[in-house]
Amino acid sequence: MRIDIVTLFPGMVEPVLGASMLGRARTRGLVDIRVVNLRDYAEGKHRITDDYQFGGGGGMVLKPEPLFAAVHALSTEGARVVLLDPRGRTFTQKVAAELAGATHLILLAGRYEGVDARVSERLAHDSISIGDYVLTGGELPALVVTDAIVRLLPGVLGAEGAAERESFSSGLLEPPQYTRPEEFEGARVPAVLLSGDHARIARWRRVQALWLTWRTRPELLKDVDLTSDEQRLVERFERGERPELTE
Ligand code: SAM
């Protein structure tokens, strides 16, 4: 998979892409990530990329020409162009999985007061927001999107974790995890995790995941296929009971 990040601030993006799992995925050739300086596609002596907005209102807006020129130069067949935009559809694990299926993504990072609307209307296939808050630019959102996608690509996650067990993949939050020591400042690791009984451990994890999701993100449960036993368990949580949590 190839991901191009088009930005006015390559220096903000490059160090993150070189570190840890993203860096390893790149050196192992599992993903081809290119950082593209938008200014390289701006014309004129001063290579201007922004301008005042029509109709008044403070702040500058990214001009359409350099963004269109960059996308036209970078595009390959099937490339998907994504504008990072607080007004876009919300980025979730599901969206990450969907985008991970693309062969080539071109991520456009906005700046200042935003981006000329013709970019979302005529150039981008998709606009994505990483949450209901406004950042100064699209660089951090582009990195968030890139990170979430790359760790889903085949071969990227080694023994560190299987993406399908993690929060949101099953629709539930991930259950609690423990490592050594077995006892820390009087707090013991739940005995079931030391039992070696894989069926019991799986059951305990599922109940914990249900409980955690019900307690902190109950709206997620409506999209999860619960067995009738699990449905009954959730009804007991709702009645204030705490069954099967301490085992
Ligand atoms: N004036 C815009 C508004 O109110 O919607 C905000 C512009 S913001 C200061 C500048 C750029 O940062 C945006 O064009 C976008 O690329 C990026 N950005 C800021 N917050 C974002 C978010 N939550 N998700 C995705 N991109 C974001």
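Right above here is the structure, for reference.
Overview of the structure. Per chain, residue numbering runs from 1 following the sequence as it is written. Since the coordinates come from a predicted model, pLDDT governs what is reported: local features require at least 70, and pairs of side-chain atoms require 80 or more to be given and counted, while whole-chain, interface and lining totals use all residues. Hydrogens are left out, water is left out, and the side-chain values use all remaining heavy atoms of the structure.

1. Quick word on the site of the ligand
Stated precisely, the cut-off is as follows: Proximity is defined per residue: if any heavy atom of the residue lies within 4 Å of a molecule or strand, that residue is considered near it. As used in this structure description, the phrase polar contact means that two N or O atoms lie within 3.5 Å; if the pair is within protein, one of them must be able to donate a hydrogen and the other to accept it, and residues adjacent in sequence are counted only when both atoms belong to side chains. Values of accessible area rely on a 1.4 Å probe in the Shrake-Rupley scheme; residue burial ignores everything except the protein chains shown. Put simply, DSSP marks the helices as runs of H or I at least four residues long and the strands as runs of E at least two long, and each gets a number from the N terminus on. Residue classes follow a fixed rule: Ala, Val, Leu, Ile, Met, Phe, Trp, Tyr, Cys and Pro count as nonpolar, while Asp, Glu, Lys and Arg count as charged, and any other residue, Gly among them, counts as polar.
In the vicinity of the ligand, 20 residues are found, and the nearest of them are L84, G110, E113, Y133 and L135. Contact distances for the ligand include 3.1 Å between a nitrogen atom and a backbone N or O atom of G131. For the ligand, a nitrogen atom lies 2.8 Å from a polar atom in the backbone of Y133. In isolation the ligand offers 580 Å² of accessible surface; the protein chains occlude 85% of this area. Those elements that place two or more of their residues in the shell around the ligand are β5 (80-90) and β7 (126-129). For the shell around the ligand, the element with the highest residue contribution is β5, accounting for three residues. Among the residues forming the shell around the ligand, the class breakdown is 10 nonpolar, seven polar and three charged.

2. Notes on unusual backbone geometry
Selection criterion: Throughout, exposure labels follow a simple rule: accessible area from a 1.4 Å probe, protein chains only, divided by the maximum for the residue type, with under 20% read as buried, over 50% as exposed, and the rest as partly exposed.
The omega angle of the peptide bond from R180 to P181 is 5°, so this bond is cis rather than trans. For Y112, which is not glycine, the phi torsion reads 55° and is therefore positive. Along the chain, Y112 falls in the loop between β6 (104-108) and α5 (117-122). Its relative accessible area of 39% is what places Y112 among the partly exposed residues. Phi is positive for E185, which is not a glycine, with a value near 45°. Residue placement: E185 occurs in the loop between β8 (183-184) and β9 (187-188). The class of E185 is exposed, set by a relative accessible area of 74%.

3. Describing the packing of helix α4 (residues 93-100) against helix α6 (residues 139-150)
Which entries qualify depends on this criterion: Orientation is described by lines fitted to C-alpha atoms, with helices fitted over the stretch in contact, and by angles between N-to-C directions that extend from 0 to 180 degrees. For classification purposes, an angle smaller than 35 degrees is called roughly parallel, one larger than 145 roughly antiparallel, one from 65 to 115 roughly perpendicular, and anything else oblique. Pairs of residues are marked as contacts when any of their non-hydrogen atoms sit within 4.5 Å.
Relative orientation of the contacting elements α4 and α6 amounts to 70°, with a least axis distance of 9 Å. It follows that α4 is roughly perpendicular to α6 by the angle criterion. Where α4 abuts α6, its residues A96, L99 and A100 lie against V145, A148 and I149. For the contact of α4 with α6, the per-class residue count stands at six nonpolar, no polar and no charged.

Interpretation note: all reported values are geometric properties and have no functional meaning in isolation.
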